[in-house]
Amino acid sequence: MPGWIWPLGLAAAGLGSAVAVLLRGCWHTKMSWPMRGEGEEAGEYSYQVCVECGVKRLFDERLFRGYGSYGYDLHDLIARDRLQRRKRMERIEAHRRTKESQRAVAPNQVPPKNEGEDA
């Protein structure tokens, strides 16, 4: 038996394993209708549930589509969403402060005059 056949067989087995990993599991194609969360914290969120495996995903009622990652614990999904929103707001606020500081005139600089104004 030639020595090159063994590595070829190993490569084929590795490729077959990779395909099996990619094709197994739920694809979450059958999602329930949106439901409103229960309780004080979850009441402001809507979510969908995969009817095949039970995984949940947050749902935006305004855009009428799911968003964010999938997970089995609704409270974890909500906490993750709130953290992402807080980070997004902090980035927006930092950007706004940067723009304001760039527009501010330094105390030793004279602002440019408009043409047509007399000194």
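Draft legend 1. Spatial organisation of the nonpolar core. If you look at the biggest cluster of nonpolar residues, it comprises nine residues: A42, Y45, Y47, V49, L58, Y67, L74, L77 and I78. Elements with a minimum of two residues in this core: β2 (46-49) and α2 (74-103). When residues of this core are assigned to their parent elements, the largest contribution, three residues, is made by α2. For V49, the contacting residues outside a window of four places in its chain are K30, M31, S32, M35, G54, V55 and K56.

Draft legend 2. Here's a closer look at unusual backbone geometry. Positive phi is not limited to glycine here, since H28 has a value of about 55°. Here H28 lies in the loop between α1 (5-23) and β1 (35-36). Of note in the backbone geometry, F64 takes a positive phi value of approximately 55° without being a glycine.

Draft legend 3. Geometry of the pattern of salt bridges. A complete count under the given rule lists seven salt bridges for this structure. Salt-bridge contacts for E61 lead to R36; the nearest nitrogen and oxygen are separated by 3.0 Å. With E61 in the loop between β3 (56-60) and β4 (65-71) and R36 in strand β1, this residue pair connects regions lying 25 residues apart in the sequence. Judged by its relative accessible area of 45%, E61 falls in the partly exposed class. Classification of R36 as partly exposed rests on a relative accessible area of 44%. With its nearest N and O atoms 2.5 Å apart, the salt bridge here joins E100 to R96. Here E100 and its partner R96 are both found in helix α2, four residues apart, which amounts to about one turn of the helix. Under the relative-accessibility criterion, E100 is labelled partly exposed at 40%. Salt bridges here are not isolated pairs; linked through shared partners, they connect E93, R96, R97 and E100.

What counts, and where the lines are drawn
- Residues numbered from 1 in each chain as written.
- Predicted model: local features only at pLDDT ≥ 70, side-chain atom pairs only at ≥ 80, totals over all residues.
- Heavy atoms only, no water.
- Core = buried A, V, L, I, M, F, W, Y, C linked by side-chain atoms within 4.5 Å.
- Buried < 20%, exposed > 50% of the residue type's maximum accessible area, 1.4 Å probe, protein only.
- Helix = DSSP H or I, 4+ residues; strand = E, 2+ residues; numbered from the N terminus.
- Contact = heavy atoms within 4.5 Å.
- Salt bridge = Lys/Arg side-chain N within 4 Å of Asp/Glu carboxyl O.

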